[in-house]
Amino acid sequence: MSDIINSLADAIRSLGVPDYLVIFIISLFPILELRGGLVAAAVLKLKLIPSFIVCFVGNILPIPFILAFIQKIFAWMKKFKPTEKIALYFEKKGEKNAKEAESKSFLGKLLFLYLFVAIPLPGTGGWTGALVASFMNIKLKYSIPIIFAGVFTAGIIMSVICYVLPELAAQWFGFSF
């Protein structure tokens, strides 16, 4: 994953894009999101707090639009052969994750959504969380703050992984990443 992030960051930087804008753009990408943005920020040796803010904003910016329009976008995509498979793939993924929370109470669904977004594992995050929230029919006024909180928590976890742990390793063991 870090090779992809490094290659992407280098490609964007080669266009003359400033480093903080590079991590903002990376954070907008599905799959990479804030997690990838913070990895890129650490590799580029950017300061933690400004990087966290830039990556957080980059990750949450598309979320309200995904929540509001994803079902309509999928319906439109299924009308065309080249994009039909993509829409069906993501619908299946969203429905599968939504089914895991189907039997839970409303608060249970919100907790599931929060944890789904907050734990930085492949296939989770704000984009997928928005997709899952859409399939669970959670209203925007509930899903947006839960997803934002999950992205924030994932940012804290990734900050520890990308900034704190390497610093501790350098202090304790005398090497750096």
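Note that this is a predicted model, so its numbers are computed, not measured. The residue count restarts for each chain, going from 1 along the sequence in the order it is written. Given that this is a predicted model, residues contribute local features only at a pLDDT of at least 70 and side-chain atom pairs are listed and counted only at 80 or more, while totals for whole chains, interfaces and linings are drawn from all residues. The side-chain values count all of the structure's non-hydrogen atoms but skip hydrogen atoms and water molecules.

## Some remarks on the overall build of the protein chain
Okay, step 1: The helix count covers DSSP runs of H or I at least four residues long, the strand count covers runs of E at least two residues long, and both are numbered beginning at the N terminus. Summing up its helical and strand segments, the protein chain has nine helices and zero strands in all.
Okay, step 2: Computation of the radius of gyration draws on C-alpha atoms, with the globule rule given as 2.2 Å multiplied by the number of residues to the power 0.38. For the protein chain, the C-alpha radius of gyration of 17 Å lies close to 16 Å, the compact-globule estimate for 177 residues.
Okay, step 3: Viewed in the frame of its principal axes, the protein chain has a C-alpha envelope of about 50 × 40 × 25 Å.
Okay, step 4: Within the span of the protein chain, comprising 177 residues, buried residues form 41% of the whole.
Okay, step 5: Note on definitions: a residue-residue contact is assigned when non-hydrogen atoms from the two residues lie within 4.5 Å. Across the protein chain, the fraction of contacts at a sequence separation of at least 24, relative to all contacts at a separation of at least 6, is 67%.
Okay, step 6: For accessible areas, the Shrake-Rupley method is used with a probe of radius 1.4 Å. Any residue's cover is judged against the shown protein chains and nothing else. Only carbon and sulfur atoms are counted for the fraction: they give 71% of the accessible area of the protein chain, which is about 10100 Å².
Okay, step 7: Here the protein chain carries 17 positive and 10 negative side-chain charges, and the mean point of each set is 8 Å from the other. Three labels apply to residues, based on accessible area from a 1.4 Å probe with only protein chains included: buried if under 20% of the type maximum, exposed if over 50%, partly exposed otherwise in between. We count Lys and Arg on the positive side and Asp and Glu on the negative side, and we leave His and both chain ends out. A single reference atom marks each charge: NZ on Lys, CZ on Arg, CG on Asp, CD on Glu.

## Quick look at the packing of helix α5 (residues 63–77) against helix α9 (residues 140–173)
Okay, step 1: The interhelical angle for the contact between α5 and α9, taken along N-to-C directions, is 145 degrees, at an axis separation of 10 Å. Like other packed secondary-structure pairs, α5 and α9 cross with a definite hand, here right-handed. Counting all contacts with α5, which are made through Ile63, Pro64, Leu67 and Ala68, the residues of α9 involved are Leu140, Ser143, Ile144, Ile147 and Phe148.
Okay, step 2: Three classes are used, and their members are as follows: Ala, Val, Leu, Ile, Met, Phe, Trp, Tyr, Cys and Pro are nonpolar, Asp, Glu, Lys and Arg are charged, and the others, Gly among them, are polar. Across the contact of α5 with α9, the residue classes tally to eight nonpolar, one polar and no charged. Throughout, an axis means a line fitted to C-alpha atoms (over the contacting stretch in the case of helices), and angles, computed between N-to-C directions, take values from 0 to 180 degrees. Here a crossing is taken to be left-handed if its near helix is turned anticlockwise relative to the far helix by less than a right angle, and right-handed if that turn runs clockwise.

## Describing helix α3 (residues 33–43)
Okay, step 1: α3 sits mainly inside the fold: nine of its 11 residues count as buried.
Okay, step 2: Looking at the buried side of α3, the elements it contacts are α1 (2–13), α2 (19–28), α4 (48–60), α7 (106–118), α8 (126–135) and α9.
Okay, step 3: Phi for Lys45, located one or two positions after α3, is positive at around 60 degrees.

## Points about the pattern of salt bridges
Okay, step 1: Between Lys or Arg on one side and Asp or Glu on the other, a salt bridge is scored when a side-chain nitrogen of the former is within 4 Å of a carboxyl oxygen of the latter. Taken as a whole and judged by the stated rule, the model has three salt bridges.
Okay, step 2: Across the salt bridge formed by Arg13 and Asp19, the nearest N and O atoms sit 2.7 Å from each other.
Okay, step 3: Taking the relative accessible area as the measure of exposure, Arg13 reaches 37% and is therefore partly exposed.
Okay, step 4: We note a salt bridge from Glu91 to Lys78, for which the minimum N-O separation is 3.0 Å. One end of the pair, Glu91, is in helix α6 (residues 81–100); the other, Lys78, is in the loop between α5 and α6, and 13 residues separate them in sequence.

## Quick word on the environment of Val57
Okay, step 1: Tracing the backbone through its elements, the reader meets Val57 in helix α4.
Okay, step 2: It is 9.7 Å that separates the C-alpha atoms of Val57 and Val151, two residues lying 94 residues apart in sequence.

## Let's talk about unusual backbone geometry
Okay, step 1: Phi angles above zero are rare outside glycine, and Glu33 is one such case at about 50 degrees.
Okay, step 2: Mapped onto the elements of the fold, Glu33 is located in helix α3.

## Things to note about the nonpolar core
Okay, step 1: Core analysis: the biggest nonpolar cluster contains 46 residues, and Ile26, Met136 and Ile147 have the highest contact counts within it.
Okay, step 2: If near-sequence neighbours (up to four positions away) are discounted, Ile26 is found in contact with Ile5, Leu8, Ala9, Ile12, Leu32, Glu33, Gly36, Gly37 and Ala40. Side-chain atoms within 4.5 Å link the members of a nonpolar core, which is a set of buried Ala, Val, Leu, Ile, Met, Phe, Trp, Tyr and Cys residues.

## A short note on a nonpolar patch on the surface
Okay, step 1: Patch rule: a residue counts if its relative accessible area is over 30% and it has no salt bridge; like charges are joined within 9 Å, and nonpolar side chains (Val, Leu, Ile, Met, Phe, Trp, Tyr) within 5 Å. Where nonpolar side chains cluster on the molecular surface, the patch consists of Phe152, Ile156, Ile157, Val160, Ile161, Val164 and Leu165 and spans about 540 Å² of accessible area.
Okay, step 2: Its place among the elements puts Leu165 in helix α9.

## Quick notes on α5
Okay, step 1: Given a residue, its bend is the angle between the two axes fitted to the seven residues that end at it and to the seven that start from it. The largest bend along α5 reaches roughly 60 degrees and is located at Phe69.
Okay, step 2: Residues of α5 that are buried include every one of Ile63, Ile66, Leu67, Ile70, Phe74 and Met77, and no others.
Okay, step 3: Residues of α5 that are buried in the fold lie against α4, α6, α8 and α9.

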